[in-house]
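Below are the chains, spelled out letter by letter.
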Amino acid sequence: MTTTFGRSVRRLEDEAILARGAVFVDDIDIPGCLHLIVIRSPFANTTVSIDTSAAGQAAGVVGVWAGDDLAHLSLPQVGVELEPRPVVARRRARHAGEPVAVIVAESRRDGLRAADLVDADFDPDPAAVTLEAARAPGAPRVDPALPDNVAYTVDVSDPDPDLLSAADVVVSLDLVNQRVAPGMLEGRAVAAIPEGNGLVVHASHQMPHKLSQWLARALGIPAAAVRVIVPDVGGGFGAKASVYPEDVLVAHLARELQRPVKFVEDRTENLTTTAHGRGQRAHVEIGATAEGRLVGLRAGIDVDFGAYVDNQRYSAALTAMMACGAYRMATEVEVRGILTHTPPMGAFRGAGRPEAAYMVERAVDTLARSLRIDPVEFRLANFIPPEAFPYDTGTGAVYDSGNYAAALTAAAERIDYAGWRRTQAERRAAGSTRLLGIGVASYVELSSSGKERATVTIGRDGSVVVATGTSPSGQGHRTTWAQLVADQLGLEPEDIEVVLADTGRVGSGGGTAGSRSAPLGGSAVALAAATVANDVRRLAATRLEAAADDIVLAGGRATVAGTNVGLSLGDVAAGAGGTIAIDEEFDAPNLNYPFGTHICVVEVDIETGEIEIVRYVSVDDCGAVINPMIVEGQFHGGTMQGVAQALYERIEFDASGGLVTANFMSYALPDILQAPDQEAYRTETPSPNNDLGLKGAGEAGATGSTPAVANAVMDALAPFGVTDTDLPMPYTPERVWRAIAAARAR
Ligand code: MCN
């Protein structure tokens, strides 16, 4: 029997999307739907006073509410004991973009017209907009309960004053991992329809079950009363794993008005209030012996949480956990989560691991340079070796499996590392104004936590349906889960119906986060499919008077091997009472740890500061692979997001906390012409933590790429002695030009 596991089956999702177009929340026809318009604070840290009376009289307006009217509604702050976050600010707003009043109107246009009539009075106070400002003595408090704005700390190891005492060489770096927007093309959108005592909610979201539970809690009704359905999603990238004030508002107002209400954000709202990611600054010391043996790394990291604590708390914890990277060394790290007067921050593809990889890989490269050891050799000499797995990092991670040297060696060969080093030396010697830089980054990331369930059902008509709690935003779950079921039952992937992202049809599910879907959801699907296949074989064997081991499943039939005698799957189900349904749970014994090496070659024009990526090779390892084409797509997308952070993107506020980069004219989301021609390869080191050997693939690219580009740019500029303090990301032409000019003037 041929199977599809490991084959690049074409995505089943795409025909419908290409032929009829995707169906996003805003495309769903909801008769009589009202529109929610949000009035937002233009200032950070400001008093607010609102008069809604004129707006309430405007044409088409159904109602206007200010903070006091909705004081009973709130969202929890994630994992900290702070007062809950109001869904509409009362008297004081903590960040620009915070809702201060809402309008519900018959049409979006009516609502926007009425918004001009809301009389809002703001009296801004000084704001702590940056990490530096929030940490300064006497800084304005973001939360009244926190005198120092520190909302969260994590120490993964006890301080050891002797950590680096065996090192002959210690270098220190100050690194800024700038705040960026996830930049999904479809912004947030949510529509709530009252039904009986509860609601049906259509949401562009990564975690339908979480959304259902949080809405139910906010409204004081059972979770079963809130059915969340996720239609096509135009990108989530982590930010759609958060629950937002507008989600609670549409749900509450739909029930209060007993009419459907929807909210669809515009691009400025998206860039202002949909959770940003990254936003860290780190002071790092790293040391090695004179012969080049890594001794240890010590880091103090401030993480921007924004004005309320949301999923950025997880990112902070994961940076601490992954701070030893791919290396055998002692690691001491303290991470502080800092409140600032900026929109609450969340998970962005990789959530804390790309930040750790950037920090470790910049530090390792800088140390190798100061030891005058080639960065490839230095890494190969210091990797955690394959025989050391499972490997306890001492930072809370136990790496499951890996062969870091294999990935690095393969990447170096593919790109002809030695050849590029020769070309670089020649260019330097010739005094070229187009300097070459070669950047190597070897990362470890983590995927999957918790459990996932799957149900596989065969109907009397022979239909096969698999339902699971994963919820894709474009990752191709429909295809890969169908492959796993088809392989077990001897069918083609297109024969399988896949049910996802609907709390009314799937009892539980973790949704998308931490590249968990393949290792957890895929494992649950494979488990359920294998059990169903065994059941079919057993039932057919009884009816056909054969041994179960002799029953072959192929072409929709259960046949006795070597004969034409058989039954259709539908007949087998009919004989078993009409349907065969198997529900299985997969509970992962541990996390798993994908890894890889990215090598990037850049050309820096020292006269204009422009950077061009001339070659980009990645070798990623996400264990065994269900669908190599889909995985390669994940690598490409993730890599592009990481490259974009290194070269283009940056969220910027003015001194009063207003967002400067509030549209795609000022926020430099790159387009396809700026994407490097990435050559993506893989090694395959199975995870021992699930039967299929899968590790997550979705965040690998975003983790390896930023440090590869950063190391390449810094390598190109090394002759000028440019440091990370002189030239923080993103490496825009102006910044590069200025850093070179300043270095030359020194
Ligand atoms: N896959 C596979 N073999 C593996 C691993 C994965 O065939 N060993 C397949 C999976 O079956 C799935 C896809 O690759 O079809 C990605 O699976 P996985 O790595 O498990 O990641 P998730 O589906 O859980 O996606 C999460 C990850 C995260 S956390 C973000 S954020 C993210 C992402 O991946 N956001 C995305 N990829 C995205 N891709 C798109 N198009 N849009 C987003 O918003």
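Note: the structure precedes this text.
As the structure is a prediction and not an experimental result, all values here were calculated from the model.

Visitor: How should the packing of aromatic side chains be read in this particular structure?
Guide: In this description, a pair of aromatic rings is defined by centroid distance and the angle of the planes. Tallying each qualifying case throughout the model produces 8 aromatic pairs. Relative to Tyr593, the ring of Tyr399 lies with its centre 4.9 Å away and its plane at 50°, an arrangement referred to as tilted. Residue Tyr399 is located in strand S19 (residues 398–399), and its partner Tyr593 is located in the loop between strand S27 (580–587) and strand S28 (595–605); the two are separated by 194 residues in the primary sequence. One exposure class covers both Tyr399 and Tyr593, and it is buried. Ring-pair connections join several aromatic residues into one group, and the members of that group are Tyr327, Phe383, Phe389, Tyr404 and Phe595. The ring of Tyr244 carries Arg188 above its face, with NZ or CZ at 3.9 Å from the centroid. The cationic tip of Lys210 hangs over the ring face of Trp214; the distance from NZ or CZ to the ring centre is 4.6 Å.

Visitor: Teacher, can you tell me more about the sheet that holds strand S22 (residues 464–468) here?
Guide: Hydrogen bonds between backbone atoms are what pair the strands of a sheet, whose relative direction is either parallel or antiparallel. The strand order S23-S22-S21-S27 describes an open sheet built from 4 strands, whose pairing is mixed. One side of each edge strand has no neighbouring strand; the edge strands of this open sheet are strand S23 (496–499) and S27. Along the sheet, successive strands turn relative to each other by an average axial angle of 15°, direction set aside. With 8 bridges joining them, strand S21 (residues 451–458) and S27 adopt antiparallel strand pairing.

Visitor: Can you help me understand the side chain of His205 in this one?
Guide: Note on placement: His205 falls in the loop between strand S12 (198–203) and helix H5 (208–219). For His205, a relative accessible area of 3% gives the class buried. A distance of 3.2 Å separates a polar side-chain atom of His205 from the backbone oxygen of Lys240. Polar contacts involving the side chain of His205 include one to the main-chain carbonyl oxygen of Ser242, which spans 2.8 Å. For His205, the contacting residues outside a window of four places in its chain are Leu211, Val230, Val233, Lys240, Ala241, Ser242, Val243 and Ser471.

Visitor: Quick question: what am I supposed to make of the site of the ligand here?
Guide: What surrounds the ligand is a group of 34 residues, the closest being Gly236, Gln475, His477, Ser517 and Ala697. Within the contact set of the ligand, an oxygen atom lies 2.6 Å away from a backbone nitrogen or oxygen of Gln475. Here Thr480 contributes a side-chain N or O atom positioned 2.8 Å from an oxygen atom of the ligand. Looking at the shell around the ligand, the elements that each hand over two or more residues are helix H13 (477–489), helix H14 (517–544) and helix H16 (628–647). Among the residues forming the shell around the ligand, the class breakdown is 13 nonpolar, 17 polar and 4 charged.

Visitor: Help me understand the layout of surface pockets in this model?
Guide: One simple way to see leftover space: roll a probe sized like a water molecule over the atoms. Empty space within the second largest pocket amounts to approximately 640 Å³. What lines the second largest pocket is a set of 27 residues, and nearest its centre among them are Ile17, Pro231, Asp232, Val233 and Arg478. Taken together, the elements giving at least two residues each to the lining of the second largest pocket come down to helix H1 (12–20) and H13. Looking at the lining of the second largest pocket element by element, the count peaks at 6 residues for H1. By residue class, the composition of the lining of the second largest pocket is 14 nonpolar, 7 polar and 6 charged.

Visitor: Help me out: how do you make sense of the packing of helix H9 (residues 353–371) against helix H10 (residues 375–382) in this one?
Guide: Between two packed helices, what matters for the description is the angle formed by their axes and the separation of those axes. Orientation of H9 relative to H10, taken along the N-to-C sense of each, is 110°, at an axis distance of 9 Å. If you check the angle between H9 and H10, you find them roughly perpendicular. Our pair here, H9 against H10, has a crossing hand that is right-handed. The segment H9 lies against H10, with Glu361, Val364, Asp365, Leu367, Ala368 and Leu371 engaging Pro375, Phe378 and Arg379. Across the contact of H9 with H10, the residue classes break down as 6 nonpolar, no polar and 3 charged.

Visitor: Explain the environment of Ala716 to me, please; I cannot follow it from the model alone.
Guide: Within the secondary structure, Ala716 is located in helix H17 (residues 700–717). Between the alpha carbons of Ala716 and Gly325 there is a distance of 24 Å; along the sequence they are 391 residues apart. Not counting chain neighbours up to four residues away, the residues in contact with Ala716 comprise Arg428, Leu435, Leu436, Gly437, Val602 and Val604.

Visitor: Help me understand the pairing of strand S29 (residues 611–621), please; the structure alone is not making it clear to me.
Guide: Within a regular beta strand, the side chains point alternately toward one face of the sheet and then the other, so they alternate between its two faces. Counting buried residues along S29, 8 of its 11 residues qualify, which places the element largely inside the surrounding structure. Both S28 and S29 contribute to a ladder of 10 bridges, which runs antiparallel. By the bridge assignment for S29, Val601 is matched with Arg615. Where S28 hands over to S29, the hairpin turn is made up of 5 residues, of which Gly609 adopts a positive phi near 80°. Where S29 and strand S30 (residues 678–682) come together, 5 bridges link them in parallel fashion. When the bridges of S30 are listed, Asp620 appears paired with Arg682. The parallel pair S29 and S30 is bridged by H16, and the resulting crossover is right-handed.

Visitor: Quick question: what am I supposed to make of the nonpolar core here?
Guide: Side chains of a nonpolar character, in soluble globular proteins, are inclined to be buried together. Of all hydrophobic cores here, the largest spans 104 residues; its most connected members are Met359, Tyr399 and Tyr731. It is H9 that contributes the most residues to this core, 9 residues altogether. With near-sequence residues (within four places) excluded, Tyr731 lies in contact with Tyr358, Ile611, Ala646, Leu647, Ala710, Val713, Met714 and Val736. Val201, Ala203, Leu249 and Ala588 belong to the second-largest nonpolar core, a separate cluster that totals 79 residues.

Visitor: Hey, could you run me through the packing of H9 against H17 in this one?
Guide: Axis separation between H9 and H17 bottoms out at 8 Å; the angle between their running directions is 30°. Compared by their axis directions, H9 and H17 come out roughly parallel. For the element pair H9 and H17, the recorded crossing hand is right-handed. When H9 is examined against H17, the residues Arg353, Pro354, Ala357, Tyr358, Glu361, Arg362, Asp365 and Arg369 are found in contact with a partner set consisting of Ala702, Thr703, Thr706, Pro707, Ala710, Asn711, Met714 and Asp715. For the contact of H9 with H17, the per-class residue count stands at 7 nonpolar, 3 polar and 6 charged.

Visitor: How should the environment of Asp121 be read in this particular structure?
Guide: Tracing the backbone through its elements, the reader meets Asp121 in strand S8 (residues 119–124). Taking the C-alpha atoms as reference, Asp121 lies 6.3 Å from Ile50; in sequence the two are 71 residues apart. In this structure, Asp121 is in contact with Thr47, Val48 and Ser49, ignoring residues within four places of it in sequence.

Thresholds applied
Residues numbered from 1 in each chain as written. Predicted model: local features only at pLDDT ≥ 70, side-chain atom pairs only at ≥ 80, totals over all residues. Heavy atoms only, no water. Phe/Tyr/Trp six-rings, centres within 6.5 Å; stacked < 30°, edge-to-face > 60°. Helix = DSSP H or I, 4+ residues; strand = E, 2+ residues; numbered from the N terminus. Buried < 20%, exposed > 50% of the residue type's maximum accessible area, 1.4 Å probe, protein only. Lys NZ or Arg CZ within 6 Å of the ring centre and 35° of its normal. Pairing = 2+ DSSP bridges. Axes fitted to C-alpha atoms, helices over the stretch in contact; angles between N-to-C directions. Polar contact = N/O pair within 3.5 Å; in protein donor to acceptor, adjacent residues only side chain to side chain. Contact = heavy atoms within 4.5 Å. Near = heavy atom within 4 Å. Nonpolar A, V, L, I, M, F, W, Y, C, P; charged D, E, K, R; others polar. 1 Å grid on protein atoms, 1.4 Å probe; cavity = no way out; pocket = protein on both sides within 12 Å on 5 of 7 lines; lining within 4 Å. Points joined across faces, edges and corners; volume = space filled by probe spheres on them. Parallel < 35°, antiparallel > 145°, perpendicular 65-115°, else oblique. Left-handed = near helix turned anticlockwise from the far one by under 90°. Right-handed = clockwise from strand over helix to strand, strands pointing away. Core = buried A, V, L, I, M, F, W, Y, C linked by side-chain atoms within 4.5 Å.

Geometric values such as these leave the question of function open.
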